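# Descriptive structure summary
Read off the chains here:
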Protein chains: 2
Amino acid sequence: MFVIATYDINRKRVTKVMKVCRKYLCHIQRSVFEGVITDKMFRMLQGEIAGIIQEHEDHVIFYTLRSENYVDKIEAGEADLSSASLFM
Amino acid sequence: MFVIATYDINRKRVTKVMKVCRKYLCHIQRSVFEGVITDKMFRMLQGEIAGIIQEHEDHVIFYTLRSENYVDKIEAGEADLSSASLFM
């Protein structure tokens, strides 16, 4: 399956969430990960994230597709700002 | 078409980019918008964004699908942090 994960996470927990996401997906923007993983890996990812986040302070969205073929990805600009503090 | 737009934008331009995105899509996370729009509206959105961003300082991704039916959206946590400065 193809997964796009986006999040708004309280600073206290964002490093933990990023560390978990990196185990399963590729870091493509500051708060966006994507990748092709198995259903089992996706359940593991969800489980690990659920163990970290706080219901009322954090928000994670997983967009899942059966295949990458259903989605087109169009990019504008080429900056790699995934770790820059000046940007949002 | 269904569009998910995510961005890392230099602070100098982020307000302008958000304003444009709001014209076409729904703001669902701090740097994520989504919505169902026509092909023509998508081209207008792309054009407006291209007129704002700086190639080497900004990065926008548009994920596009023919239909929402191809994607599942699973959410964890319920915080609405789209405008909170404490979060990333």
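One structure accompanies this document, and this report is about it. These numbers come from a predicted model, not from an experiment.

By convention here, two paired aromatic rings are described through the distance between centres and the angle between planes. Inspection of the entire model under this criterion finds five aromatic pairs over all chains. With a centroid separation of 4.5 Å and an interplanar angle of 5 degrees, the aromatic rings of Tyr-70 of chain A and Tyr-70 of chain B are classed as stacked. In this pair, Tyr-70 of chain A sits in the loop between strand E4 (59-65) and strand E5 (71-76) while Tyr-70 of chain B sits in the loop between strand E4 (59-65) and strand E5 (72-76), so the two residues belong to two different chains.

This part is about the interface of chain B and chain A. Contacts between chain B and chain A engage 44 residues on the former and 44 residues on the latter. Taken together, the two surfaces of chain B and chain A that pack against each other cover about 4,500 Å², and 54% of this comes from carbon and sulfur. Applying the counting criterion to the chain B and chain A interface returns zero salt bridges. Across the chain B-chain A interface, the total number found is 25 residue pairs in polar contact (both at pLDDT 80 or more). Secondary-structure elements contributing two or more residues to the side of chain B that touches chain A are strand E1 (2-8), helix H1 (11-24), strand E2 (26-29), strand E3 (32-36), helix H2 (39-50), E4 and E5 of chain B.

Before going further, it helps to spend a moment on the relation of the copies chain B and chain A. Once chain B has been moved 0.0 Å along the axis and rotated by 180 degrees, it coincides with chain A to within an RMSD of 0.0 Å. Taken together, the turn and the small shift mark the pair as related by a two-fold rotation axis.

Residues and elements named next belong to chain B. For H1, with 14 residues, the first-to-last C-alpha span of 21 Å sits near the 20 Å given by 1.5 Å per residue. Buried residues of H1: Arg-13, Val-14, Val-17, Met-18, Val-20, Cys-21 and Tyr-24, and no others. Buried positions in H1, seen along its axis, are confined to an arc of 170 degrees and lie on one side of it. Seen from the buried face of H1, the exposed residues on the opposite side, beyond 90 degrees, are Thr-15, Lys-16, Lys-19 and Lys-23. Its buried side turned inward, H1 meets E1, E2, E3 and H2. The backbone nitrogen of Lys-12 lies 2.9 Å from a side-chain oxygen of the residue at the head of H1, namely Asn-10.

Rules of the game
- Residues numbered from 1 in each chain as written.
- Chains lettered and ligands numbered in written order.
- Predicted model: local features only at pLDDT ≥ 70, side-chain atom pairs only at ≥ 80, totals over all residues.
- Heavy atoms only, no water.
- Phe/Tyr/Trp six-rings, centres within 6.5 Å; stacked < 30°, edge-to-face > 60°.
- Helix = DSSP H or I, 4+ residues; strand = E, 2+ residues; numbered from the N terminus.
- Contact = heavy atoms within 4.5 Å.
- Buried area = accessible area lost by both parts, 1.4 Å probe.
- Salt bridge = Lys/Arg side-chain N within 4 Å of Asp/Glu carboxyl O.
- Polar contact = N/O pair within 3.5 Å; in protein donor to acceptor, adjacent residues only side chain to side chain.
- Least-squares fit on C-alpha atoms with pLDDT ≥ 70 in both.
- Expected span 1.5 Å × (residues − 1).
- Buried < 20%, exposed > 50% of the residue type's maximum accessible area, 1.4 Å probe, protein only.
- Arc of directions from axis to C-beta.

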